[in-house]
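# Survey of secondary and tertiary structure
Given next are the chains, with one letter for each unit.
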Amino acid sequence: MRNKIFTGLTVLLIQLIILSISGCISYKSNNNAENPDIRNLHQEEKFNSYSINLSTGGGFTGLKSGYALFSNGVVTRWQKLPTGKDLIDWKVKVDSSQIEQFRKELELTGITDRQYTETGNITAYLKYKTVDTTYFWSWKGIGVNSNIPPEIKVWYIKVNLFCSELH
C-alpha cells in the first residue's frame, strides 16, 4: 500500500514538473491554425512509408508527450498540451536503417494481430502507421509498473531508451 502511494506521488510530482516547464515555453498559437512544426510533422508522416509513435499521457494535467520515428530516419520528441497546443521539443535525423530495424522487430512480435485498448489515469500509446494501415494500441500506466503488452515489452523499452538518448 505504501509503495502504491509513493509511486502515485512520484508520478504526480513528475507531471507537475513537466507541466511547469512546458508552461514556461513561449508559444504563439491561433486556435484555427496549427503550429507550423506540427504541420511539418504531419507532412513528414504523410510522405513516409511508415511511422512509429510512442506516447504517454493523461492524469490531472492532461499532458501527452512522446516520440515519432519516421522511415526516413527523422525522430521527433513532441508534446500535446491540455490547451490543445502542440509543440515539437526536438527533431533529429538518425540512420534510417535503425528505424527500419525497429519496424521489423515490431512486426515480428505479432502484435499487429492483436488488440490492446486499455486506458487508465496515465495511459501509454503505440501507433504504427503504414501507407495503407494504421495500428493503434493503448495500455494503463507508464514505466516499470505499466501493462505493456508482453510481446512488445522488450521492444518498447528498447525503442523508448533509444529515443530518450538522442537529445
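Each remark here, short or long, concerns the structure printed above.
## Here's the deal with the pairing of strand β6 (residues 134–140)
Bridge count between strand β5 (residues 122–130) and β6: seven bridges; the pairing is antiparallel. In the sheet register, Y128 faces β6, and the bridge partner there is Y135. In textbook terms, the turn of a hairpin is the stretch between consecutive antiparallel strands, and for β5 and β6 this stretch comprises three residues.

## Quick word on the sheet that holds strand β2 (residues 63–70)
Across the sheet, which stays open at both edges, the six strands sit in the order β4-β3-β2-β1-β5-β6 with antiparallel pairing between neighbours. Among the strands making up the open sheet, the edge pair consists of β4 (86–93) and β6. Taken pair by pair, the neighbouring strands of this sheet meet at an average axis angle of 15°, ignoring direction. Bridge count between strand β1 (residues 50–58) and β5: nine bridges; the pairing is antiparallel.

## Topic: helix α4 (residues 153–164)
Between the first and last C-alpha of α4 there are 16 Å, a value that for twelve residues agrees with the 16 Å anticipated at 1.5 Å per step. Among the residues of α4, W155, Y156, V159, F162 and C163 are the ones counted as buried. On an axial view of α4, the arc spanned by its buried residues comes to 130°, and they lie on one face.

## With respect to the pattern of salt bridges
For the structure shown, the criterion picks out five salt bridges. For the salt bridge of D86 with K80, the shortest nitrogen-to-oxygen distance reads 3.5 Å. Accessibility expressed as a relative area gives 35% for K80, which makes it partly exposed. Notably, a salt bridge pairs R103 with E100, separated by 2.5 Å at the nearest N-O pair. Residue R103 and its partner E100 are located together in helix α3 (residues 96–108), separated by three residues, close to a single helical turn. Residue E100 is classed as partly exposed on the basis of its relative accessible area, which comes to 23%. One salt-bridge network, in which partners are shared between bridges, spans E100, R103 and E107.

## Regarding the side chain of S55
For S55, the location among the structural elements is in strand β1. Classification of S55 as buried rests on a relative accessible area of 6%. Non-local contacts of S55, meaning those with residues more than four positions away in its chain, are made with K64, S65, G66, W78, T123, A124, Y125 and Y156.

## Observations concerning the nonpolar core
Of all hydrophobic cores here, the largest spans 25 residues; its most connected members are L69, L126, I152 and W155. Looking at this core, the elements with two or more residues in it are β1, β2, β4, α3, β5, β6 and α4. Ranked by residues supplied to this core, first place goes to α4 with five residues. Those residues in contact with I152 that sit more than four places away from it in its chain are L106, T109, I111, L126 and W139.

Rules used throughout
Just so you know, the residues in each chain are numbered from 1, in the order the chain's sequence is written. Side-chain atom pairs in this predicted model are given and counted only at pLDDT of 80 or more, local residue features only at pLDDT of at least 70, and totals for whole chains, interfaces and linings cover all residues. To obtain the side-chain values, all non-hydrogen atoms of the structure were used and water was disregarded. Being paired, for any two strands, means DSSP has found at least two bridges between them. Helix and strand definitions follow DSSP, with helices as H or I runs of at least four residues and strands as E runs of at least two, each counted in order from the N terminus. Angles here are taken between N-to-C directions and fall from 0 to 180 degrees, while the axes themselves are lines fitted to C-alpha atoms, restricted in helices to the stretch in contact. Residue count minus one, scaled by 1.5 Å, sets the expected span of a helix. Buried residues are those whose accessible area, probed at 1.4 Å on protein chains only, stays under 20% of the maximum for their type, while exposed residues exceed 50% and partly exposed ones sit between those limits. The directions considered for the arc are those from the helix axis to the C-beta atoms. We define a salt bridge as a contact between a side-chain nitrogen of Lys or Arg and a carboxyl oxygen of Asp or Glu at a distance within 4 Å. Any two residues whose heavy atoms approach within 4.5 Å are treated as being in contact. For our purposes a nonpolar core is just a set of buried Ala, Val, Leu, Ile, Met, Phe, Trp, Tyr and Cys residues, chained together by side-chain atoms within 4.5 Å.

Functional significance is not addressed by these values, which are geometric in nature.
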